[in-house]
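Results of the structural survey
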Amino acid sequence: MATRISLFTTCAAVLGTSCLLGLSATAADAPAPQVITGIIVEVTTGDNFLLRTSDNREFPIGIWGVDSPEINNQTGQRARKFSARLIQGEQIKLTILGRDSEGRTLGRVIFKENRDLALELLKEGYAVWMTGAAPNEAAYEKAQMDAQEARKGIWKEWLPKKGL
């Protein structure tokens, strides 16, 4: 059975735009994902930010498909700093793919020269690929495997030392 998606949730609640309220669609006939642009005004963790749109609306966003460590540890602080260096104050394109249980808008974050922020975090070992959320992302899988092999970021701490 196809997953049901509320048009109200994906349009009106996320973007504040007017949609036909109360209608729902199956995933097969769901509209194309919404894409918005804005400036990142605050980086709170490696994978959570505050986005300001051109009409000065602000809302929290999270990166879809990955999870970054919280900032209560050194790797989480490094992940936040890494993301901040890349996108703080930058114009980004957000393809909205859902919402999380905390009300954040989840999406693919694209910045400078069509770079995917989730992929950049995975390459440096500052995030974990969430296979359940993004099962068909071969580039994410490769980036994570490469970071594991190189023992970057979280993989330096989480994987056993070689040769033991």
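So, here's what we can say about the structure.

Basis of the calculations
Residue indices begin from 1 for each chain and proceed along its sequence in written order. pLDDT decides what is reported in this predicted model: residues at 70 or higher carry local features, side-chain atom pairs at 80 or more are listed and counted, and totals for whole chains, interfaces and linings draw on all residues regardless. Hydrogens and water are ignored here; the side-chain numbers use all heavy atoms of the structure. Here a helix means four or more residues in a row that DSSP labels H or I, a strand means two or more in a row labelled E, and each is numbered from the N terminus. Helix span, expected: 1.5 Å multiplied by one less than the number of residues in the helix. Type-normalised accessible area, obtained with a 1.4 Å probe on protein chains alone, sets the label of each residue: buried when under 20%, exposed when over 50%, and partly exposed for intermediate values. With a 1 Å grid spanning the protein atoms alone, the term cavity applies to any set of points in which a 1.4 Å probe fits but cannot get out, the term pocket to an open set with protein on both sides within 12 Å along at least five of seven lines, and the term lining residue to any residue with an atom within 4 Å of a point. Grid points are joined across faces, edges and corners, and a volume is the space filled by probe spheres set on the points. For this scheme, ten residues count as nonpolar: Ala, Val, Leu, Ile, Met, Phe, Trp, Tyr, Cys and Pro. Four count as charged, namely Asp, Glu, Lys and Arg, and the remainder, Gly too, count as polar. Note on aromatic pairs: the rings of Phe, Tyr and Trp (six-membered ring only in Trp) are paired at centre separations within 6.5 Å, and the planes decide the class, stacked below 30 degrees, edge-to-face beyond 60, tilted for the rest. Surface patches are drawn from residues lacking salt bridges whose relative accessible area is over 30%; two like charges belong together within 9 Å, two nonpolar side chains (Val, Leu, Ile, Met, Phe, Trp, Tyr) within 5 Å. Note on areas: these come from Shrake-Rupley sampling with a 1.4 Å probe, and a residue is covered only by the protein chains present in the view. In the sections that follow, a salt bridge refers to a side-chain nitrogen of Lys or Arg positioned within 4 Å of a carboxyl oxygen of Asp or Glu. Charged-residue counts in this description rest on Lys and Arg as positive and Asp and Glu as negative, His and the chain ends being excluded. To locate a charge, take NZ of a lysine, CZ of an arginine, CG of an aspartate or CD of a glutamate. Here a strand pair is declared whenever DSSP counts at least two bridges between the two strands. The definition of a polar contact used here is a pair of N or O atoms within 3.5 Å, where within protein one atom must be able to donate a hydrogen and the other to accept one, and adjacent residues in sequence count solely through side-chain atom pairs. Two residues qualify as a contact provided that any one of their heavy atoms is within 4.5 Å of a heavy atom in the partner residue.

The end-to-end C-alpha distance of helix 2 (residues 74-87) is 20 Å, a good match for the 20 Å that 14 residues give at a rise of 1.5 Å each. For helix 2, the full list of buried residues reads Thr75, Gly76, Ala79, Phe82, Ser83, Ala84, Leu86 and Ile87. Positive backbone phi, approximately 80°, marks glycine 89, located one or two places after helix 2.

Looking at the second largest pocket, its volume works out to about 180 Å³. In terms of lining, the second largest pocket is formed by 14 residues, of which the most central are Asp47, Ile63, Val66, Asp67 and Leu106. Across the lining of the second largest pocket, the residue classes tally to 6 nonpolar, 3 polar and 5 charged.

We now examine the packing of aromatic side chains. Applying the stated criterion across every chain yields a total of 1 aromatic pair. Plain terms: the ring middles of phenylalanine 82 and tyrosine 126 are 5.4 Å apart, the flat faces sit at 45° to each other, and that makes the pair tilted. Note that phenylalanine 82 is positioned in helix 2 and tyrosine 126 in the loop between helix 3 (117-123) and strand 10 (128-129), a separation of 44 residues in sequence. In this pair, the class of phenylalanine 82 matches that of tyrosine 126, namely buried.

This paragraph deals with a positive patch on the surface. On the surface, a cluster of positive charge is made up of Arg78, Lys81, Arg85 and Lys156. With 3 residues, the top contributor of residues to the positive patch is helix 2. Here arginine 78 is to be found in helix 2.

Pairing geometry for strand 3 (residues 35-45) and strand 7 (residues 91-99), over 5 bridges, is antiparallel. The residue of strand 7 that forms the bridge with glycine 38 is isoleucine 92. Note that strand 3 and strand 4 (residues 48-52) share 5 bridges and pair antiparallel. From the neighbouring strand, glutamate 42 faces strand 4, where its bridge partner is leucine 50. The loop that links strand 3 with its antiparallel partner strand 4 comprises 2 residues.

Let us look at the side chain of threonine 53. When you line up the elements, threonine 53 lands in the loop between strand 4 and strand 5 (58-63). The class of threonine 53 is buried, set by a relative accessible area of 7%. Reaching out from threonine 53, the side chain makes a polar contact with the side chain of aspartate 55 at a distance of 2.4 Å. Non-local contacts of threonine 53, meaning those with residues more than four positions away in its chain, are made with Ile36, Thr37, Gly38 and Phe59.

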